[in-house]
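Report on the structure
Listed below are the residues making up each chain.
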Amino acid sequence: MFPLHMCPNYLPLFTILFLLVNLAMSGCNQAPTTASRETTDVVDTRLATLPSLRPGEAVATFGGGCFWAVEEEMRLLKGVRAVVSGYAGGDLDYPTYEQVGTDQTGHAEAVQVYYDPAVMPYNVLLDAFFAGHDATQLNRQGPDIGKHYRSIVFFRNTVEKAAIEAAIKRESTHHKAPIVTQVVPFKAFYPAEMYHQDYYRQHPYSLYIHLVSEPKVDKFRERMHNWLTD
């Protein structure tokens, strides 16, 4: 790609816009050096830690494309205490972002949600998950292409599995195309690197966040407005 800071003055405006859009569209599948804030901060590649489950809490695991937006969406909901971005659904223990990005580990970018089911019922949480992404897109979400961006829900018992299947039926009424979300038993969730956590809020000037993630979050807000925190 032609470096933006080297663009000559005579480049047509549409060419510059094209370069900007392409820069933004490559966003979620970036190496740590380019995914970090545009400062002198050192990228924190340590793995995040999972919070302990509190009495009365439940945990749910979803994958709906780039985890930057999905994490932000889940954090907006009533009854949600914590959300961790990470990887699930694959065969490799403790994968890195780069390994998952090769599409060879079987993992999907996912989030793990710690919530109070007395405040946020599981069926509503499922509706929120589907409101936050396009479940008809196979192995992709918008500009992010690959199996690690697939739509996937992990169930921990037969009750959750039945609830997921019911949620898929409800969601199908919002689309003409079929829902392609995978429904699989939960095995393991591996936290992503620290620099991915809270990425949406830490990078408000990112072109990818502005052009890709923000529209998804805005649409989520509209559809789930009755269940958002004040």
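Summarised in this report is the structure supplied together with it. (Residues numbered from 1 in each chain as written. Predicted model: local features only at pLDDT ≥ 70, side-chain atom pairs only at ≥ 80, totals over all residues. Heavy atoms only, no water.)

Each helix and strand counted, the protein chain has 8 helices and 8 strands in total. For the protein chain, the residues scored as buried account for 46% of the 230 residues in total. Across the protein chain, the fraction of contacts at a sequence separation of at least 24, relative to all contacts at a separation of at least 6, is 79%. Working note: accessible area of the protein chain is about 11,900 Å², and carbon and sulfur atoms make up 57% of it. (Helix = DSSP H or I, 4+ residues; strand = E, 2+ residues; numbered from the N terminus. Buried < 20%, exposed > 50% of the residue type's maximum accessible area, 1.4 Å probe, protein only. Contact = heavy atoms within 4.5 Å. Areas by Shrake-Rupley, 256 points an atom, 1.4 Å probe, with all protein chains shown as cover.)

The next subject is the sheet that holds strand β2 (residues 80–88). One key point about sheets: their strands pair by backbone hydrogen bonds, in either a parallel or an antiparallel sense. Spatially, 6 strands are ordered β7-β6-β1-β3-β2-β8 in an open sheet, and the strand pairing comes out mixed. Edge strands, defined here as strands with exactly one partner in the open sheet, are β7 (182–185) and β8 (189–191). If you compare each strand with its neighbour and ignore which way they point, the axes differ by 35° on average. Relative to β8, β2 is paired through 3 bridges, and the arrangement is antiparallel. (Pairing = 2+ DSSP bridges. Axes fitted to C-alpha atoms, helices over the stretch in contact; angles between N-to-C directions.)

Generally speaking, soluble globular proteins have nonpolar side chains that are buried together. One finds Phe62, Met74 and Leu125 to be the most contacted residues of the largest nonpolar core, which totals 49 residues. Per element, the largest residue contribution to this core is 8 residues, and it comes from helix α5 (residues 122–131). Sequence-distant contacts of Phe62, defined by excluding residues within four places in its chain, comprise Met74, Glu109, Ala110, Val111, Val113, Leu125, Leu126, Phe129, Ile152, Val153 and Phe154. (Core = buried A, V, L, I, M, F, W, Y, C linked by side-chain atoms within 4.5 Å.)

Attention now goes to unusual backbone geometry. At Tyr94, a residue that is not glycine, the phi angle is positive and equals roughly 50°. Residue position: Tyr94 is located in the loop between β2 and α4 (97–101). Positive phi values are uncommon outside glycine, yet Asn139 reaches one of about 55°. With respect to the helices, strands and loops of the structure, Asn139 is situated in the loop between α5 and β4 (140–141). For Asn139, a relative accessible area of 23% corresponds to the partly exposed category.

Inspection of the entire model under this criterion finds 9 aromatic pairs. An angle of 85° between the planes, with centres 5.5 Å apart, marks the rings of Trp68 and Tyr208 as edge-to-face. Placement of the pair is Trp68 in helix α3 (residues 67–75) and Tyr208 in helix α8 (residues 207–223), with a sequence separation of 140 residues. Here the two residues Trp68 and Tyr208 agree in accessibility, since each one is buried. A connected cluster of aromatic rings, assembled from ring pairs, spans Phe67, Tyr87, Tyr97 and Tyr195. (Phe/Tyr/Trp six-rings, centres within 6.5 Å; stacked < 30°, edge-to-face > 60°.)

Looking now at the state of the cysteines. Enumeration over the complete set of coordinates arrives at 1 disulfide. Covalently, Cys28 is tied to Cys66 through a disulfide, its sulfur atoms 2.0 Å apart. A torsion of 85° about the S-S bond marks the disulfide between Cys28 and Cys66 as right-handed. Of this pair, Cys28 sits in the loop between α1 (13–25) and α2 (32–35) while Cys66 sits in the loop between β1 (58–64) and α3, placing them 38 residues apart in sequence. On the basis of relative accessible area, Cys28 is assigned to the buried category, the value being 0%. For Cys66, a relative accessible area of 1% corresponds to the buried category. (Disulfide = S-S within 2.5 Å.)

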